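# Chains, contacts and geometry: an overview
So the chains spell out like this:
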Protein chains: 4
Amino acid sequence: MSKLGVGVIGVGEMGKRHAENLARLVPKARLVGVADTNLERARSAAQELEVEHYYNNAEALVARLDVQAVVIATPAKFHPPAIQVAALAGKHIFCEKPLALTLEEADAALEAVRHAGVSLQLGFMRRYDPAYAQAKKSIAAGEIGEPIIFKSIGRDTEAPPLAYFESGWNGTLFHDNTVHDFDLARWLMGDEVIEVHTYAAARALPQLAPLGLFDSGVVNLRFTHGSIGNIESFLDARYGYDVRTEIVGTKGTIQVGSLGDTPVQVLAHSECWRHTVNHFLVRFADAYVLEMRDFVDTITSDRLPQVTGLDGRQALAVVLAAERSFRESRPVQVAAPALRAAPEHT
Amino acid sequence: MSKLGVGVIGVGEMGKRHAENLARLVPKARLVGVADTNLERARSAAQELEVEHYYNNAEALVARLDVQAVVIATPAKFHPPAIQVAALAGKHIFCEKPLALTLEEADAALEAVRHAGVSLQLGFMRRYDPAYAQAKKSIAAGEIGEPIIFKSIGRDTEAPPLAYFESGWNGTLFHDNTVHDFDLARWLMGDEVIEVHTYAAARALPQLAPLGLFDSGVVNLRFTHGSIGNIESFLDARYGYDVRTEIVGTKGTIQVGSLGDTPVQVLAHSECWRHTVNHFLVRFADAYVLEMRDFVDTITSDRLPQVTGLDGRQALAVVLAAERSFRESRPVQVAAPALRAAPEHT
Amino acid sequence: MSKLGVGVIGVGEMGKRHAENLARLVPKARLVGVADTNLERARSAAQELEVEHYYNNAEALVARLDVQAVVIATPAKFHPPAIQVAALAGKHIFCEKPLALTLEEADAALEAVRHAGVSLQLGFMRRYDPAYAQAKKSIAAGEIGEPIIFKSIGRDTEAPPLAYFESGWNGTLFHDNTVHDFDLARWLMGDEVIEVHTYAAARALPQLAPLGLFDSGVVNLRFTHGSIGNIESFLDARYGYDVRTEIVGTKGTIQVGSLGDTPVQVLAHSECWRHTVNHFLVRFADAYVLEMRDFVDTITSDRLPQVTGLDGRQALAVVLAAERSFRESRPVQVAAPALRAAPEHT
Amino acid sequence: MSKLGVGVIGVGEMGKRHAENLARLVPKARLVGVADTNLERARSAAQELEVEHYYNNAEALVARLDVQAVVIATPAKFHPPAIQVAALAGKHIFCEKPLALTLEEADAALEAVRHAGVSLQLGFMRRYDPAYAQAKKSIAAGEIGEPIIFKSIGRDTEAPPLAYFESGWNGTLFHDNTVHDFDLARWLMGDEVIEVHTYAAARALPQLAPLGLFDSGVVNLRFTHGSIGNIESFLDARYGYDVRTEIVGTKGTIQVGSLGDTPVQVLAHSECWRHTVNHFLVRFADAYVLEMRDFVDTITSDRLPQVTGLDGRQALAVVLAAERSFRESRPVQVAAPALRAAPEHT
């Protein structure tokens, strides 16, 4: 069996990890090369992962005949153009979240994918996390009855530097973090969010306020079938990386999430304490591997992806409604998918 | 030292517990008698607690010269008239939450208390819970920096029978349960809630919908100084009685809450499991004792109560705003306290 | 219904608690009086608990006609003479653990009880702890199959002052602490310990070594039916009061024990921490109440006690074998009960 | 930099994992080939890991010039001959635990290693587990004062089939499992075990008794400097794979160990439950990778291994004393290392 040739576009922290996983832990894939606007970063990643080819632009990488699929891990603003470049070249695509910063760009990218007839998978890796996957299965098995309340918390250990926000490349807290929870909400509830209400603030990082950004937010959710929910996001928790989700059902509740870095507990001075997880690459290490394997399997077996472009588009629609609710101080309805948006892989 | 003579008005589940605590675990108090519109219930409680006097009306109990203070634990609708009866008789008052079902009734009751110059303490017993008390102390000590996000969950094990709701005596879920979390929000954040947004539903108990009631709700909070938050309430969790609060600060986070009924864990069949707490009288047993002791101490030492009538009034104001937000599908501002409402004990 | 008149002999920390529980939380009992060789301590306890009678000797207390039962909570060395005084006066007896410091004294005390025809209950309060009681029930229900390994840990927060050990009144660590675990071993396994092997040390409190005492010990256990086990005891854990038991069965395992003082968790500085329990009167507060109630019920309903003198005698036999194993550096068999020791209440 | 050529001898469950890690996750190593007496198993592993060379005997593998080091993961009985074959060929060696089944074979193997001047590392992977490594560091940093009690529990999910025991290739429970805890005892306490006492039983798997084997054991430990301890092992826990260690010190205690498979908790029917870990390859996945990396680094940088042949020899000495204690029903002293055994790598 020949292996699927894959290229990685953008080898910052996240793209580097995808490249490592492809090179080492996805037996059916072969990492062919990497591209990054920072050529030195591309070169260094290529060397470390022992691949020959590296480029300072996506076009050169997707032009290679031995590249059948690409992983896009650039800043969010550049996801849609990278998708279009790859689609045009007829390559299958894995794209990190969020799909785009605006619905217009998202729809344009989906249109390009549809036109090219390639596969597109979105990087909602939590769906591959063994804990979340088990929760999904438990709900499907009826362990908690009918799910009626969705709760989620996502807290980052430490905010990135101000330049990260000033670039405008990553959107708001909702684009960058909460989008994961919006995807979980849709996936675990088996329902669509139709309206949201947001309070947000910039009290831990007041320097975000002049940029129109916020460090924390609480988003109330209303679903099509009447379920309700709330998501809290915060990007400077300090104590660790803390992602927790809870689905309340008519017969019981499922909780996903834990903070234990290592199973060590120290007991002294009338207290017991343990270290916390501090990075998403630690908490979701397995999920990223499983996600990449599934991406490759999807293509080699010509299946539809489990996490589609439409999933990316709808999570983004919730992001934008939540942001607008913040700006307009009122509940905002979530934009329904354009009719043509449905089956992007035929 | 002579003991403070106390009477209990309403000896249902909650009032009975207060009476027991007064009779056995509050050395400075003497339980003088009990009153309940159900005379048989009053008689039975009196017999069990070995007090001579029981009545089928509050008036007779407060008329006794050896009663210096009363505990009111009737259904919520009857709190204001009971407060007025007791205040008129010059008795100090402990009143269960909520203070009233409407602000008008609350303000009338507070006016009666002010006019009579008696003490009024509200039954927000969580403030006396060792865990919540420790959280308050930790926040005051700066352990988490400045508090910026308030989260709370309150889930009851099982909904009361439909008649409980049909009576109209207990208001909505927000009057009956969430009022505790609204009080915690004010107390732990050291700030006032100024606006709320609510989604609520009746999916577990659809029979509530025709009554205009709901079984679950998520309430977004905005505070005066810019903090934000969310409270979830549910009255039919099935798995147990689950109260959890989390305060996120600029330097760390405090969590209060646990489910462990008894510290027993069974490991078998690839799983480990433990029983859950299923009743507030279990979870907050200590809090109720400490609360009663403080109520008695407050009076015998002529101090101001730690949980005032104004606290009851403001928590109710948030309840009413949250309910209105549900009915009007928009964020609603919280009514500010009437100016005269301030010092009710002089 | 008239109440059972009870006197308490020895009102140090433990006896004081029993007296409080009898006065306040055991409705069927009436605390008649207390005795303590320290008259001032007796007087002060009597005053606080509002009983008239206090004495500086047990004889005076048991001579009272309105005393039908006594609780003995003196230092261990004085348990047997106190039992004999009470039995001679025809009073029913609750005696704290251990029954005695030697088997000879234990057997003499049991003989006096048998001769007097009174009831004797031993103070193994863990059997009344809701968690341990649930474990017992789970085992009986077959949840873990057949129990085959018994493990237990008992650690005190802080060692008492040296004078406590120098008095010789309390025996070794095994008499004072481990005796609880030996009782649990017999009760939860439904089997007798027949042989033990001990290593013990005095490394945290080297001042105990010259007294022939130790601060810590590990005791291997062998049971009649072939089960095995181990108990660890330590009297200076510093971090808190930590009692944990685990029973491994052929189908699963049950764990009893937890350290959480209050359900508060603080997350900051890459760590999460919580306070620990630091006293047995906190950890076992409920057990002590339930134990006293059962003692009183046993007498008023003329039942056999659930924790008998023979239980006290056999736990002591294991204590003595464990101590001897330490002194003789070899496994030691546990003395079988004298044949006549069986039914002490007829 | 050229990579270290490594061959793996024995590709059952454990050897297969080492081979995978070498092939994918140890960048400085190159997996050259595998050997297994079962040629088909060797072939299949080679194919899956995409290496060309596979053999049905160790001799052929070690004869390759491009093999500089070997990993031995045969049944325990064949560790010493495999070590001798590899040493004779001048290859550096990583050997799974236990070093051997008897001290004589162990010493002969160590002698061969010493004579050949090659490096030998023993497979005590727990030392590489992040949790155990953190515990070691905390102890070294004085967080718990002086360590005085060592406790450890090791329970396997399910016993292997009877043939595994009948072969005689793996020794007793102490050789196969407890040897890990004996190594931890030496490493974490920084001290040698000098005497042990054992009770063991075959109540869950009575079919082991006729083979002179046991399914469970409790081993009391005494250390050179006076510390004490206990280790419990069980090979059929059913509920999961459960490894926990606790070191009690004069100022505090450290606990290592947890059961959580995935951080999912289900709450329903008055209970909360979670799945357990069920395999050592899951619990110690990271440790096995870190261990292999360190093995390769040790050789390429010409350092002494962190886990030496002597460590393997001393853990085995404790194993044999524990087994003898079981057979002779008495405490048994641990054989001191032969004087010449000390520095095996010069």
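For the structure given in this document, a descriptive report is provided here. For clarity, every value in this text was computed on a predicted model and none was experimentally measured.

Before going further, it helps to spend a moment on the relation of the copies chain B and chain A. Between chain B and chain A, the superposition needs a rotation of 180° and an axial shift of 0.0 Å, giving an RMSD of 0.0 Å. Taken together, the rotation angle and the small translation identify this as a two-fold axis.

Glancing now at the interface of chain C and chain A. At the junction of the two partners, chain C supplies 13 residues and chain A supplies 13 residues. The contact between chain C and chain A buries some 1,200 Å² in all, and 60% of this surface belongs to carbon and sulfur atoms. Here chain C is connected to chain A by 0 salt bridges. Joining chain C to chain A, the criterion identifies 0 residue pairs in polar contact (both at pLDDT 80 or more). The element that contributes the greatest number of residues to the side of chain C that touches chain A is strand β14 (residues 271–275) of chain C, accounting for 5 residues.

The linkage connecting B:Lys97 with the following residue, B:Pro98, adopts the cis geometry, with an omega of -10°. In this fold, B:Pro98 is placed in the loop between β5 (92–95) and α5 (103–116). Residue C:Ser329 is not a glycine yet carries a positive backbone phi of 55°. Position of C:Ser329 among the secondary structure elements: in the loop between α11 (309–328) and β15 (332–333). One non-glycine residue, D:Asp302, adopts positive backbone phi at about 55°.

For the rest of this paragraph, the subject is helix α5 (residues 103–116) of chain A. Side chains that are three or four residues apart share a direction in an α-helix, a result of its 3.6 residues per turn. All names here are of chain A. Between the first and last C-alpha of α5 there are 20 Å, a value that for 14 residues agrees with the 20 Å anticipated at 1.5 Å per step. Looking at α5, one finds that the buried residues are Leu103, Ala106, Ala109, Leu110, Ala112, Val113 and Arg114. Just beyond α5, the residue with positive phi is Gly117, at close to 70°.

All right, on to the relation of the copies chain C and chain A then. Superposition record for chain C on chain A: RMSD 0.0 Å, screw rotation 180°, translation along axis 0.0 Å. Counting the interface residues of chain C, we find that 100% of their copies in chain A are interface residues as well, pointing to one common contact surface.

All names here are of chain A. Of the two faces of strand β5 (residues 92–95), both are covered, the one formed by His92 and Phe94 as well as the one formed by Ile93 and Cys95. Note on the crossover from strand β4 (residues 69–72) through helix α4 (residues 79–88) to β5: the handedness is right-handed. Judged from the 3 bridges that link them, β5 and strand β6 (residues 120–122) form a sheet pairing that is parallel. Within β6, the position partnered with Ile93 by the bridge is Leu120. Handedness of the crossover joining β5 and β6 through α5: right-handed.

Turning to the pattern of salt bridges, a few remarks are in order. According to the stated counting rule, one finds 120 salt bridges over all chains in the structure shown. One salt bridge in this structure joins D:Asp311 and D:Arg186, with 3.0 Å as the shortest N-O distance. Of the two residues, D:Asp311 is situated in helix α11 (residues 309–328) and D:Arg186 in helix α8 (residues 173–189); the sequence distance between them amounts to 125 residues. Judged by its relative accessible area of 12%, D:Asp311 is buried. Each of A:Lys151, A:Glu246, B:Arg155, B:Glu232, B:Asp242 and B:Arg244 takes part in a single network of salt bridges with overlapping partners.

Another aspect to go through is the packing of helix α1 (residues 13–24) of chain C against helix α2 (residues 39–49) of chain C. All names here are of chain C. Running from N to C, α1 and α2 cross one another at 25°; their axes reach a closest spacing of 10 Å. Here α1 is positioned roughly parallel relative to α2, judged by the angle of their axes. Between α1 and α2 lies a crossing whose hand is right-handed. Residue-level contacts link Lys16, Ala19, Glu20, Ala23 and Arg24 of α1 to Ala45, Glu48 and Leu49 of α2. When the residues that make up the contact of α1 with α2 are grouped by side-chain class, the tally is 4 nonpolar, no polar and 4 charged.

A few words now on the packing of aromatic side chains. All chains considered together, the criterion is met by 32 aromatic pairs over all chains. Geometrically, the ring pair formed by B:Tyr241 and B:Phe280 is tilted, given 6.3 Å between the ring centres and 55° between the ring planes. Highlighted residues: B:Tyr241 in the loop between β10 (228–234) and β11 (242–249) and B:Phe280 in helix α9 (residues 280–283), separated in sequence by 39 residues. The class of B:Tyr241 is buried, set by a relative accessible area of 7%. For the ring pair B:Phe280 and B:Tyr288, a centre distance of 6.5 Å and an interplane angle of 70° mean the geometry is edge-to-face. Residue classification places B:Phe280 among the partly exposed residues on the basis of a relative accessible area of 23%. Of the residues examined, B:Tyr288 reaches a relative accessible area of 3% and is grouped as buried. Here the aromatic cluster, defined as three or more aromatic residues joined through ring pairs, consists of A:Tyr241, A:Phe280, A:Phe284 and A:Tyr288.

Residue and element names in this part refer to chain C. The interhelical angle for the contact between helix α5 (residues 103–116) and α11, taken along N-to-C directions, is 175°, at an axis separation of 10 Å. Taken together, the axes of α5 and α11 lie roughly antiparallel to each other. On the side of α5, the interface is formed by Leu103, Ala106, Asp107 and Leu110, while α11 contributes Gly309, Arg313, Leu316, Ala317 and Leu320. Class assignment for the residues of the contact of α5 with α11 results in 6 nonpolar, 1 polar and 2 charged.

All names here are of chain D. Within helix α2 (residues 39–49) the residues assigned to the buried category are Ala42, Ala45, Ala46 and Leu49. One side of α2 holds all its buried residues, which, seen down the axis, span an arc of 100°. Contacts made by the buried residues of α2 are with α1 (13–24), β2 (29–35) and β3 (53–55). Looking at the residues trailing α2, positive phi occurs at Glu50, about 60°.

How each quantity is defined
Throughout, residues of each chain are indexed from 1 in the direction in which the sequence is written. Chain letters and ligand numbers both follow the written order, the letters beginning at A and the numbers at 1. Totals for whole chains, interfaces and linings use every residue, but because this is a predicted model, local features are given only for residues with pLDDT of at least 70 and side-chain atom pairs only at 80 or more, for both listing and counting. Note: side-chain values were computed over all heavy atoms of the structure, leaving out hydrogens and water. The copies were overlaid by least squares, fitting only the C-alpha atoms of residues that reach a pLDDT of 70 or more in each copy. Residues count as neighbours in contact if any of their non-hydrogen atoms are within 4.5 Å of one another. When two parts are put together, the accessible area they lose, computed with a 1.4 Å probe and summed over both, is reported as buried area. Salt bridge, as used here, is a side-chain nitrogen of Lys or Arg placed within 4 Å of a carboxyl oxygen of Asp or Glu. Definition of a polar contact: a pair of N or O atoms within 3.5 Å, with one able to donate and the other able to accept a hydrogen when the atoms are protein atoms, and with sequence-neighbouring residues admitted only if both atoms are side-chain atoms. Helix numbers and strand numbers start at the N terminus; a helix is a DSSP run of H or I with at least 4 residues, a strand a run of E with at least 2. In this scheme, a helix's expected span is set at 1.5 Å multiplied by one less than its residue total. Exposure is judged per residue with a 1.4 Å probe applied to protein chains only, and the accessible area is read against the type maximum: over 50% gives exposed, under 20% gives buried, and values in between give partly exposed. Handedness of a crossover: with both strands directed away from the viewer, a clockwise path from the first strand across the helix to the second marks it as right-handed. Any two strands are treated as partners once DSSP identifies two or more bridges connecting them. Axis definition: a line fit to C-alpha positions, over the contact stretch in the case of helices; interaxial angles, taken between N-to-C directions, run 0 to 180 degrees. In these notes the angle categories are as follows: under 35 degrees is roughly parallel, over 145 is roughly antiparallel, 65 to 115 is roughly perpendicular, and the rest is oblique. When the near helix sits turned anticlockwise from the far one by under a right angle, the crossing is termed left-handed; a clockwise turn instead gives a right-handed crossing. Think of it as three bins: nonpolar holds Ala, Val, Leu, Ile, Met, Phe, Trp, Tyr, Cys and Pro, charged holds Asp, Glu, Lys and Arg, and polar takes everything else, Gly as well. Aromatic pairing here means that ring centres of Phe, Tyr or Trp (its six-membered ring) are within 6.5 Å. Orientation follows from the plane angle: under 30 degrees is stacked, over 60 is edge-to-face, and everything else is tilted. In this description, the arc belongs to the directions extending from the helix axis to the C-beta atoms.

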